[in-house]
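Summary of the model geometry
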Amino acid sequence: MTMQVSKTIGTTDKVALDAPIFDPVAFRLSDEQAGIITRAREIGQSVFAGRAATYDREAIFPTENYRDLHRVGLLGIAVPKKHGGLGANYQTYALAAAEIGRYCGATALTWNMHVCSTLWSGPLADDLDMDAETRAEHERRRAVHYKRIVEDGAIYSQPFSEGGAAAAGGVAFGTEARPVEGGWIVNGKKIFASLSGHADYYGVLCTEIEEGEKASRRNTLYLAISAKSEGVSVVGDWDPLGMRGTVSRTLLFKDVFVPEDSALMPRGVYFQAAMRWPHMFLTLSPTYMGLAQAAYDFTVRYLRGEVPGMPPVKRRMYPTKQIAVAQMQIKLEQIKAIWFQAVTEARANPSKEQVLRAYAAQYSVMEGANELAALAIRTCGGQAMLRSLPLERIYRDSRCGSLMLPWTAELCLDRIGREALYETGETDD
Ligand SMILES: Cc1cc2nc3c(=O)[nH]c(=O)nc-3n(C[C@H](O)[C@H](O)[C@H](O)COP(=O)(O)OP(=O)(O)OC[C@H]3O[C@@H](n4cnc5c(N)ncnc54)[C@H](O)[C@@H]3O)c2cc1C
């Protein structure tokens, strides 16, 4: 289904823009970073916010938003400049994604899957070890992906989850790639595949395996499989609690031939990234940073009697409301502080302290966004959670953050506890 919406970013002049979540001066961002992040905020507030309710209600993919993301250059946000993209680094992308999440959670979350295809194969891969020949080959291949994105508006997704322990990083992926002349034959199944039926390429993690060989995480391949390939199908319903516009259905791969040039990373490089660049898994959090800000913004506006479509009744004079807003503001600032630090220090070979902080940041954002949304509902009251207003959607969307593998809220606790108490290789034997 396509929505009848014709708003463009040109409508920005009619909207008083919100202040950025992270003020560029206070958070020491460059002008170039601030420009990219403003672009995301403008399109989020002036265009995506108005469409979000329909995508959510109908559980349909935000196709129109993707056309707009392409039009304003944001599909290629992390594509290196020499390939025609905006060349954003990890921090810039994260801050821009938070601004999109503030106005449409499903768009930000799916955009994350798309952008990671370029962030991981781009600046992140540049930090990893490859011999000169492998790097040259990677350069040639990624140029093909980037050209499709920048010129044609191609959309990539990231279906990793399989329902077992693989997406948590415990075992090798069950989706298998058997090497054949000129490529691989891929077989397997991915659950919760956001953008299914809407992405042009599925960035699939799978295990390269020869006949009779044992599956190993070291042999993980990251392949961009064309949605049009023979043997690819999308099955199952999609009618979830939140993040309904992500359309995260099940993907099946049955004897799909995938040519060599489809590799988003050379052999062995995904495993190296997972070991040496752990912040790659923190990229699901920006969406929820934005939702946390949205819950707070809504509450302030509501209590000031400034929510569009509602009578201008003020509720801000009650001391209990003021205390609730104070608690929300403190929680929001705590989340912002740890999250900003974590996305700023994302790099190869982080220290143990930085890794523990990244888990803590993920936990704080994913749980905190929903806590803020719950507080917002309690504080604003019954009329504020009607479906005609965005708060109940923010509440439902934010509930999904803790479930995102490999760094679910539970797994973050698990890792922090273990890694704080044990050094690598230490046992109690
Ligand atoms: C809206 C939405 C969009 C999504 N989009 C994508 C996508 O695009 N691509 C993608 O790959 N996935 C996606 N996912 C899937 C997501 O990352 C998880 O894989 C999925 O939610 C896991 O389902 P489950 O909770 O039933 O998994 P289970 O494996 O049953 O895990 C249940 C819980 O147990 C805990 N757990 C799991 N493994 C371990 C372990 N080894 N040790 C201790 N505890 C453990 C975790 O806390 C987990 O939340 C999406 C999920 C949602 C909700």
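In short, a report on the structure.

The rules behind these values
- Residues numbered from 1 in each chain as written.
- Predicted model: local features only at pLDDT ≥ 70, side-chain atom pairs only at ≥ 80, totals over all residues.
- Heavy atoms only, no water.
- Axes fitted to C-alpha atoms, helices over the stretch in contact; angles between N-to-C directions.
- Helix = DSSP H or I, 4+ residues; strand = E, 2+ residues; numbered from the N terminus.
- Parallel < 35°, antiparallel > 145°, perpendicular 65-115°, else oblique.
- Left-handed = near helix turned anticlockwise from the far one by under 90°.
- Contact = heavy atoms within 4.5 Å.
- Nonpolar A, V, L, I, M, F, W, Y, C, P; charged D, E, K, R; others polar.
- Near = heavy atom within 4 Å.
- Polar contact = N/O pair within 3.5 Å; in protein donor to acceptor, adjacent residues only side chain to side chain.
- 1 Å grid on protein atoms, 1.4 Å probe; cavity = no way out; pocket = protein on both sides within 12 Å on 5 of 7 lines; lining within 4 Å.
- Points joined across faces, edges and corners; volume = space filled by probe spheres on them.
- Buried < 20%, exposed > 50% of the residue type's maximum accessible area, 1.4 Å probe, protein only.

What follows covers the packing of helix α7 (residues 285–303) against helix α8 (residues 319–344). Taken N-terminus to C-terminus, the directions of α7 and α8 make an angle of 160°; their axes are 11 Å apart at the nearest point. Relative to α8, the element α7 is oriented roughly antiparallel. When you trace α7 past α8, the crossing you get is left-handed. Along the contact surface, α7 presents Ser285, Pro286, Met289, Ala292, Gln293, Ala295, Tyr296, Thr299, Val300 and Leu303, while α8 presents Lys321, Val325, Met328, Gln329, Leu332, Ile335, Lys336 and Trp339. Classifying every residue of the contact of α7 with α8 gives 12 nonpolar, 4 polar and 2 charged.

What follows concerns the site of the ligand. Every one of the 17 residues lining the ligand counts as a neighbour, but Phe160, Ser161, Phe192, Ser194 and Glu410 are closest to it. Between the ligand and the protein, one listed contact pairs an oxygen atom with a side-chain N or O atom of Ser161 at 2.6 Å. Interatomic distance of 2.8 Å between a side-chain N/O atom of Thr408 and an oxygen atom of the ligand. Partitioning the shell around the ligand into residue classes produces 10 nonpolar, 6 polar and 1 charged.

Attention shifts here to empty space enclosed by the protein. Applying the stated criterion to the full structure yields 2 cavities of 30 Å³ or more. There is about 60 Å³ of room inside the largest cavity. Taken together, Ala52, Tyr55, Asp56, Cys104, Gly105, Ala106, Met243, Arg244, Gly245, Arg393 and Asp397 form the lining of the largest cavity. Contributing elements (two or more residues each) for the lining of the largest cavity: α1 (31–58), α4 (105–126) and α10 (391–399). For the lining of the largest cavity, the residue count by class is 5 nonpolar, 2 polar and 4 charged. Space inside the second largest cavity adds up to approximately 40 Å³.

Further remarks concern the side chain of Ser194. With respect to the secondary-structure elements, Ser194 resides in the loop between β3 (183–193) and β4 (201–208). Residue Ser194 is classed as buried on the basis of its relative accessible area, which comes to 8%. Setting aside anything within four residues of it in sequence, one finds Ser194 in contact with Thr110, Met113, Ser157, Thr246, Val247 and Ser248.

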